Amino acid sequence: MEYSSQINLAILGSGAGTNAHAICRAARMPNSSFCVSLLITTSAKSGVRNVAREFGLECVVLSRTSDVVNLENELLSCLREWGIDVLALAGYMRLLPVSVINALGGRVLNIHPALLPHFGGPGMYGMRVHEAVLASKASESGATVHVVSEHYDEGHILGQQTVAVLPGNSPELLQQMVKAVEHELYSTVIQSYCSTLLAYNDVETDSENSGSLL
Ligand code: GRF
């Protein structure tokens, strides 16, 4: 057995890919505690594919299927094949199968575009989140990075960043303002999360098994 000097991270998302881009950029910083070796998406049209191209990384497009078992198996085998230690969700709208969370020892993170525990849960994604925040007349919103559990948006919170909501803000403007803080927040939390894993030697790699934890 040997200990790794960087955490091997994969990103799973099907949106515009702006968080994936920020995370890949952070991974290239000197002394980064993690590297990104794989991007995964469920949509061939996702911006995540362009991010993979820009950074010269592998991108796996999971089959477009409503069969949860197939998706789960595909995901598990690609995480295993690439020896992934930590999975970062960035624009993945479905509930992640518990088997995937367990296979990674719970090392799955997500970013949500509001201040959890408020404005989260089933159906709370995309513009709906910002519309709900504005309808509540809350004076602030923001972004939350949390550990992924078997329930939507309920895992342990690792970091939050607030933004002020001003009278007359539209959902689109609020989305833009929240996204602007998401990138820095997510990258910073991932750096520190991976540093902690390395410091506590929580991630051991087996040199004969390409570092796979699975
Ligand atoms: C972000 O707003 C994130 O909070 C949510 O999905 C969106 C993904 O955006 N989970 P992008 O694909 O990273 O641009």
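Note: the structure precedes this text.
So, here's what we can say about the structure. (Residues numbered from 1 in each chain as written. Predicted model: local features only at pLDDT ≥ 70, side-chain atom pairs only at ≥ 80, totals over all residues. Heavy atoms only, no water.)

### Notes on the site of the ligand
Okay, step 1: Around the ligand, the structure places Gly-15, Ala-16, Gly-17, Thr-18, Asn-19, Gly-91, Ile-111, His-112, Pro-113, Lys-179 and Glu-182.
Okay, step 2: Within the side chain of Thr-18, one N or O atom sits 2.5 Å away from an oxygen atom of the ligand.
Okay, step 3: Residue Ile-111 places a main-chain N or O atom 2.8 Å away from a nitrogen atom belonging to the ligand.
Okay, step 4: Computed on the free molecule, the ligand has an accessible area of 370 Å², of which 89% lies beneath the protein chains in the complex.
Okay, step 5: Tallied by class, residues from the shell around the ligand come to 3 nonpolar, 6 polar and 2 charged. (Near = heavy atom within 4 Å. Polar contact = N/O pair within 3.5 Å; in protein donor to acceptor, adjacent residues only side chain to side chain. Areas by Shrake-Rupley, 256 points an atom, 1.4 Å probe, with all protein chains shown as cover. Nonpolar A, V, L, I, M, F, W, Y, C, P; charged D, E, K, R; others polar.)

### Let's talk about the sheet that holds strand β5 (residues 86-89)
Okay, step 1: The strand order across the open sheet formed by 7 strands is β4-β3-β2-β5-β6-β7-β8, and the pairing between neighbours is mixed. Whereas interior strands pair on both sides, the edge strands pair on one side only; in this sheet they are β4 (58-61) and β8 (157-164). Averaged over all adjacent pairs, the angle separating strand axes in this sheet is 20 degrees, with direction ignored.
Okay, step 2: Note that strand β3 (residues 34-41) and β4 share 4 bridges and pair parallel. When the sheet's bridge partners are listed, Leu-39 is paired in β4 with Cys-59.
Okay, step 3: Those strands touched by helix α1 (residues 18-27) are β2 (7-12), β3 and β6 (108-112), and its axis lies near 155 degrees from that of β3.
Okay, step 4: In this fold helix α2 (residues 47-55) packs onto β3 and β4, with an angle of close to 140 degrees to the strand it touches most, β3. (Pairing = 2+ DSSP bridges. Helix = DSSP H or I, 4+ residues; strand = E, 2+ residues; numbered from the N terminus. Axes fitted to C-alpha atoms, helices over the stretch in contact; angles between N-to-C directions. Contact = heavy atoms within 4.5 Å.)

### Observations concerning the nonpolar core
Side chains of nonpolar character tend, in soluble globular proteins, to be buried together.
Okay, step 1: Judged by nonpolar contacts, the single largest core of 38 residues is most densely connected at Leu-9, Ile-11, Phe-34, Val-36, Leu-39, Tyr-186 and Ile-190.
Okay, step 2: The greatest single-element share of this core, amounting to 10 residues, is contributed by helix α6 (residues 171-199).
Okay, step 3: For Tyr-186, the residues in contact, after removing those within four places along its chain, are Asn-19, Ile-23, Ala-88, Leu-89, Ala-90, Leu-109, Asn-110, Ile-111 and Val-145.
Okay, step 4: Ranked by size, the runner-up nonpolar core spans 20 residues in total, among them Leu-75, Ile-84, Leu-89 and Tyr-92. (Core = buried A, V, L, I, M, F, W, Y, C linked by side-chain atoms within 4.5 Å. Buried < 20%, exposed > 50% of the residue type's maximum accessible area, 1.4 Å probe, protein only.)

### Topic: the state of the cysteines
Covalently bonding the sulfur atom of one cysteine to the sulfur atom of another cysteine gives a disulfide.
Okay, step 1: Tallying each qualifying case throughout the model produces 0 disulfides.
Okay, step 2: Not part of a disulfide, Cys-59 finds its nearest cysteine sulfur in Cys-78, a span of 9.7 Å.
Okay, step 3: Classification of Cys-59 as partly exposed rests on a relative accessible area of 23%.
Okay, step 4: As a non-bridged cysteine, Cys-194 has Cys-35 as the owner of its nearest cysteine sulfur, 9.1 Å distant. (Disulfide = S-S within 2.5 Å.)

### Thoughts on α1
Okay, step 1: For α1, the tally of buried residues reaches 7 of 10 residues, placing the bulk of the element in the interior.
Okay, step 2: Every buried residue of α1 is listed here: Asn-19, Ala-20, Ala-22, Ile-23, Cys-24, Ala-26 and Ala-27.

### Section: the environment of Glu-140
Okay, step 1: In this structure, Glu-140 sits in strand β7 (residues 140-147).
Okay, step 2: Given the relative accessible area of 43%, Glu-140 is considered partly exposed.
Okay, step 3: Sequence-wise, Glu-140 and Leu-166 are 26 residues apart; in three dimensions their C-alpha atoms are separated by 8.2 Å.
Okay, step 4: What Glu-140 contacts, discounting residues up to four positions off in sequence, is Leu-115, Val-133, Thr-162, Val-163, Ala-164 and Val-165.

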